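Summary of structural features
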Amino acid sequence: MKKIAALSIGILMLGLLLPRRILPALAKIQGTVTVPASPVAEGKDYATQVLGDPWDMSEYSDISQYLNQSGEVDVVQNVGVNNGIFSATSSGDVSQGRNGWFFTVFPGYQTAIHTGRSGSKAPIDSGQYQCFYIAMKVDSPAANQFGPDQYRVFWFADDRLNGSGAPYGFTNGIPLYPEYNYDPPVPIWKLYSIDLPVQGYQQTAWTDQSQWQGFRIDPTINAGVNYAVDWVRLTDCSPRTVTVTFTPNAAISAVWLRPAGETRRIRIATDVTGSSGSYVLDVQGVQPGSYYVGFGDGRSCCTEESTGLLTINQTPVVTFRSPTFYSGEDFATTAGNAWDMSSPNDYSGIRCAQYGQGDGFLWFRTPPESQQPPECSGQATGAVSDPFVYLDVPQPIAPAEYRYLSFRFYDNNPWQFVPKGSIVRWVWTVQGDSGRPGYECHLVSQDMPFDVGSHIYTIDLWDAFEGSAEQWQGECTSLPKNWQNSSPVLAVRFDPNENITDHEFYNEIDWIRLTRPIVVQQGERYRISLDTFFPGDTFNVSLYYTSDPQNQPAQHSVVLYTPPAPPSPGPNDVYLPVVMNITDSFNVPGDLNYLWDTTSVFPGTYYICALTDDGLNQATFCSEAPVIVQ
């Protein structure tokens, strides 16, 4: 297999000289904190608004990409994501480049297809999102040769990261516990914030590039430091304020939040004037949820805490069920046997892996290369080095008609090992250029990296790079080396990994789909189907279709189909229920379903956009897949 380069970033931090000061003790008093009874709107956050998935540390995918430099360098240990908290331990110090860093946005891997939630597909607008927040507890040691413990953030323009002259930048080191100066700190939860255009930086300024495809967080500069993260937010800096009152007390200087049902308290701000008895709290950097509000000093909480909850509203988020890349007409379904991995009839010819039929999925156990038999380790004539499965192809595939390859795939590794095999490949076979029976050309796709956990991946086989062949074998000399221009495809093969690590890979294929672009005739009705991201969420939805989802998401209003009123019943009329002829399981309705009447739509290629509004927060989400109206 082709080895994908992994880039390391190790930048020496300079110690910070901080003045010493002694804080007065906070007297314990009783009092009453009052908070508004009504929810307050959350801030406009990049991960919520653009990715449709806040960095609330409820999923491993919030931090999983390129973790431990994709398995090439020991950067973090003891990694866990549990109960909405990401925790880990830094493996080395900053001079080694092993100081516990992680990405919330990763651009994608060089020389490989950018799959999944790559930053190249959803770059950060540096002119809009400029305020960074992280709720974090770092068990920092006393100051050492690097000075007091510090954190910083990095930003990257593309998949070259800090290599090959690529633009990138990073903040100067920011003290984690400046209140302790050089003394050993007592670790606490804090909400750290950075105004990215204002904060001191090195290399390239945040606003010198219009977009950034990568965002990395270095929580410490030291080795062996435990840290925990509750949430990360990147907002547009627009305040979301709420007034909280408390018993005046000159010793009070800080406000703290305690998530409902939890014992941890997070210090949010330290600019409270205790004698005032009132504080205007900006919650744009706080993750939506319900919190008790407490007041204390900069080191401890609380002299008093609210009995009522301050609720920060969650922006309503929707995901598209249709249109999607995989909701179009599917080859295997149309041919009579969907690749839904519900039966051994979906596949054949599996080699170089243990495998079995699960409940609606096909599982693989791929041993390390050192444990493979000779025919699977390149040591025998005609050997192959990767596991593979041939899919059932009862009739030739027309590649000029079927554009999107999508699959749901699971990997149980602790993190990615892309340079050592966390890669899927698609192999297609066509008639050889001599035309002689039995002489064929086998074309191998570009690398398709996969992440840990279960995810849906889509490859645009008509794209100049994604649809090109990296390798080929057989009678291929004069044939096109891409999917779209290939002659009818006689066979397809799915390679679930290229494991050259020292351990076993376990993977599952839930389904594979090869779909046409979605085409409707003008005047036909098309079903738009949405799922709510947060269960039980209620909100209004306005639908639009647009040829420019980035700049004009509300270009045209969707006209919904209104069925005619039924005629007045006669004495002998019998009304039967409407029957929807659904032959493809991917066309089942979602949480929210609408019929788009395309009668007045001018022929063209359009994306569907949904504006959600619950009265406090609004967001717009557009389909990745277009609908072609003819």
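All values reported here derive from a predicted model rather than from experimental measurement. (Residues numbered from 1 in each chain as written. Predicted model: local features only at pLDDT ≥ 70, side-chain atom pairs only at ≥ 80, totals over all residues. Heavy atoms only, no water.)

Within the protein, the regular secondary structure consists of three helices and 42 strands. Against the globule reference of 25 Å for 630 residues, the protein gives a C-alpha radius of gyration of 28 Å, in line with a compact fold. Referenced to the eigenvectors of the C-alpha coordinate spread, the extents of the protein come out at roughly 90 × 80 × 45 Å. Taken across its 630 residues, the protein has 52% of its residues classed as buried. When contacts within the protein are restricted to residue pairs at least 6 apart in sequence, those whose partners lie at least 24 apart make up 77%. As presented, the protein carries roughly 26300 Å² of accessible surface, and 49% of it is formed by carbon and sulfur atoms. Here the protein holds 35 positive side-chain charges and 64 negative ones, and the gap between their average locations is 6 Å. (Helix = DSSP H or I, 4+ residues; strand = E, 2+ residues; numbered from the N terminus. Rg over C-alpha atoms; globule rule 2.2 N^0.38 Å. Buried < 20%, exposed > 50% of the residue type's maximum accessible area, 1.4 Å probe, protein only. Contact = heavy atoms within 4.5 Å. Areas by Shrake-Rupley, 256 points an atom, 1.4 Å probe, with all protein chains shown as cover. Lys, Arg positive; Asp, Glu negative; His and termini not counted. Charge placed at Lys NZ, Arg CZ, Asp CG, Glu CD.)

Before going further, it helps to examine the confidence of the model for the protein. Residues with a pLDDT of 70 or more make up 91% of the protein, whose mean pLDDT is 91. Below pLDDT 50 for its whole length, residues 1-30 participates in 97 contacts with residues either more than four positions away or in separate chains. Confidence drops under pLDDT 50 across residues 573-584; counting only partners more than four residues distant or on other chains, this segment forms 13 contacts. (pLDDT = per-residue confidence, 0-100.)

Let us look at the packing of aromatic side chains. Per the counting criterion, the structure on display carries 44 aromatic pairs. Taking 5.7 Å as the distance between ring centres and 85° as the angle between the ring planes, the aromatic pair formed by Phe331 and Tyr402 counts as edge-to-face. With a gap of 71 residues between them, Phe331 in helix 3 (residues 331-335) and Tyr402 in the loop between strand 26 (388-391) and strand 27 (404-411) connect regions that are remote in the sequence. Tyr402 matches Phe331 in its accessibility class, with the two residues each being buried. The ring of Trp189 carries the charged tip of Arg264 above its face, separated from the ring centre by 5.7 Å. In this structure, Arg525 is placed above the aromatic ring of Tyr561, and the distance from its NZ or CZ to the ring centre is 4.0 Å. (Phe/Tyr/Trp six-rings, centres within 6.5 Å; stacked < 30°, edge-to-face > 60°. Lys NZ or Arg CZ within 6 Å of the ring centre and 35° of its normal.)

Judged by pairing direction, the sheet is antiparallel, and its three strands sit side by side in the order 22-36-39 without closing on themselves. Each end of this open sheet is capped by a strand with a single partner; those strands are strand 22 (318-322) and strand 39 (592-597). On average, adjacent strands in this sheet sit at an angle of 30° to one another, irrespective of strand direction. Note that strand 36 (residues 525-532) and strand 39 share six bridges and pair antiparallel. (Pairing = 2+ DSSP bridges. Axes fitted to C-alpha atoms, helices over the stretch in contact; angles between N-to-C directions.)

What follows concerns the environment of Ile221. Its location among the elements puts Ile221 in the loop between strand 13 (214-218) and strand 14 (226-235). Given a relative accessible area of 1%, Ile221 falls into the buried group. Note: C-alpha distance between Ile221 and Val153 (68 residues apart in sequence) is 12 Å.

With that settled, consider the domain arrangement of the protein. By the assigned domains, the protein splits into domain 1 (44-235), domain 2 (239-313), domain 3 (325-516) and domain 4 (519-566 + 575-629). In this complex, domain 3 contributes nine residues to the contact, which on the side of domain 4 involves eight residues. Buried area between domain 3 and domain 4, summed over both chains or domains, comes out near 610 Å², and the portion from carbon and sulfur atoms is 61%. Considering only the surface of domain 3 that becomes buried against domain 4, Phe325, Ser327 and Arg513 emerge as the three largest contributors, covering 63% of it. Where domain 3 touches domain 4, the interface holds zero salt bridges. (Domains from an automatic or database assignment. Buried area = accessible area lost by both parts, 1.4 Å probe. Salt bridge = Lys/Arg side-chain N within 4 Å of Asp/Glu carboxyl O.)

Bringing the side chain of Arg267 into the picture now. Inspection of the secondary structure puts Arg267 in strand 17 (residues 266-269). In this structure Arg267 comes out as buried when scored by relative accessible area, which is 13%.

On to the pairing of strand 7 (residues 150-156). Here strand 7 lies mainly inside the structure; seven of its seven residues are buried. Here strand 7 shows a buried face lined by Gln150, Arg152, Phe154 and Phe156 and a second buried face lined by Tyr151, Val153 and Trp155. In this structure, strand 7 lies alongside strand 9 (residues 174-175), joined through two bridges in antiparallel fashion. Paired with Tyr151 across the two strands is Ile174, which belongs to strand 9. Pairing between strand 7 and strand 13: five bridges, direction antiparallel. Within strand 13, the position partnered with Trp155 by the bridge is Phe215. Direction of pairing for strand 7 relative to strand 8 (residues 168-171): antiparallel, over a ladder of three bridges. Opposite Trp155, over in strand 8, you have Gly169 as the bridge partner.

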